[in-house]
Structure formats: C-alpha cells, structure tokens
Amino acid sequence: DMAFAGNVSGKLTLQQSRENEVTGGFAFNTAKATIDAPTLFPKPLKLRKAGIAGRLVNNFHEIHVDSLSVEFPDTKVVAQGVATHGDDGWGVTGDSSATALDMTLLYKYWPLPVAGDTREWVMEHITGGKAESSTLKFDFQPADFAGDTMRDEALHSVVVAKGIDVNYIPGFPPVKGM
C-alpha cells in the first residue's frame, strides 16, 4: 500500500511510429507532498519538492529516468536509472547520491525491506554523527523482486561519515566521534 498527498504538475508525451512502436517522454514536479508507504518506510516521508524527467522506449519495456531529484526536510537525493521489462519481469539499474544527513534520522529513509538485519544493527548501534555524503548503485534483476531477499551484489553503497557514535558491544563504553 502506498499513498501520495500533494499536487503534481507536468507533461507526458507519447508517439507511435509507423512500425507501431510507442515511445515518449515525461517530466513531473511536486512541492510540499507526503508519501505514505508503511511497508517501505516506518513513517510518512515529507517532500519539500521533487522532480522527475525521463523517456519511455521500446513500447514501454524501458523506462529511462534521466533525472530524479527529491528534497526532504533533512537531505536531498538525486538519481538516474533504467527499468527494463524482459521475459522474466522487471529489472532496474541506476545510481543515486544524497547530501548530508544526521545519522539519527537515517531510519526514516532506509527502506524497511532492504538489508533488514544490517538496517536493524545500524539503527540500534549508531547513535550519533553525520553522513556527509552517500552514493548508492543498484542493479536489481527480476529475481530480486520475486523473493524475500535480494542478491548482495544488487546494492553497492558508500557513505562518508564524520563524528559517528557507535555502541558496538552492549555493556562496553561507546566509541564517540569516530
């Protein structure tokens, strides 16, 4: 279940060739919106503004997101990627980056179904500091969407963090300002 509250403006164009191939393009924007997706995020996500632009090719079997920008109250995310539909289903590849984020707010943006055990450990043990920047490359194959888990190599993330407070082992003093 997912709900979107806010106004969207934009444009969708479609063309059909003489060979009956349908292609098109899209560009949409929103401001002051909320996304409520309880199976993905623990709390509704507030958006200050967001925009997406891309292309539809190969009779909608490829969706190219040329630019995606989402500004949250705490950070900004930009991304690009391609979703491709084949005989086995949809695959999605791309990359994204985010601006600085207080580590105590990470729980709001890390999707619940992604790397659940790691997510739980990070939320419990990292109690302070700041992610100065982060990048994420993703390569989801159709099989990654079919099961309860995804391949480890489907995601590659790099986070540059400063001043991190970590409680590695319960009962031991925390490491501060790492």
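Before reading further, recall that the structure is shown in the block above.
In this text the structure is predicted, and so the values were computed from the model without any measurement.

Visitor: Looking at this structure, I do not really get the overall build of the protein. What am I missing?
Guide: Along the protein, the regular secondary structure elements total two helices and nine strands. Listing each helix as α and each strand as β along the protein from the N terminus yields β-β-β-β-β-β-β-α-β-α-β. Counting only C-alpha atoms and orienting by the principal axes, one finds that the protein spans roughly 70 × 35 × 30 Å. Each of the 178 residues in the protein was classed as buried or not, and the buried ones make up 26%. Sequence separation of at least 24 residues holds for 50% of the intrachain contacts in the protein that already meet a minimum separation of 6.

Visitor: Help me out: how do you make sense of the side chain of H125 in this one?
Guide: Within the element layout of this structure, H125 appears in helix α1 (residues 116-125). For H125, a relative accessible area of 8% gives the class buried. One polar contact links the side chain of H125 to the main-chain carbonyl oxygen of N167, over a distance of 2.5 Å. Filtering out sequence-adjacent residues up to four positions away, H125 remains in contact with D165, V166, N167 and Y168.

Visitor: How should the pattern of salt bridges be read in this particular structure?
Guide: Two side chains that carry opposite charge are able to pair once their charged atoms sit near each other. By the definition in use, this model includes five salt bridges. With its nearest N and O atoms 3.0 Å apart, the salt bridge here joins R151 to D144. Taking the relative accessible area as the measure of exposure, R151 reaches 28% and is therefore partly exposed. Within the structure, one salt-bridge network assembled from shared partners comprises D144, R151 and E153.

Scoring rules and cut-offs
- Residues numbered from 1 in each chain as written.
- Predicted model: local features only at pLDDT ≥ 70, side-chain atom pairs only at ≥ 80, totals over all residues.
- Heavy atoms only, no water.
- Helix = DSSP H or I, 4+ residues; strand = E, 2+ residues; numbered from the N terminus.
- Buried < 20%, exposed > 50% of the residue type's maximum accessible area, 1.4 Å probe, protein only.
- Contact = heavy atoms within 4.5 Å.
- Polar contact = N/O pair within 3.5 Å; in protein donor to acceptor, adjacent residues only side chain to side chain.
- Salt bridge = Lys/Arg side-chain N within 4 Å of Asp/Glu carboxyl O.

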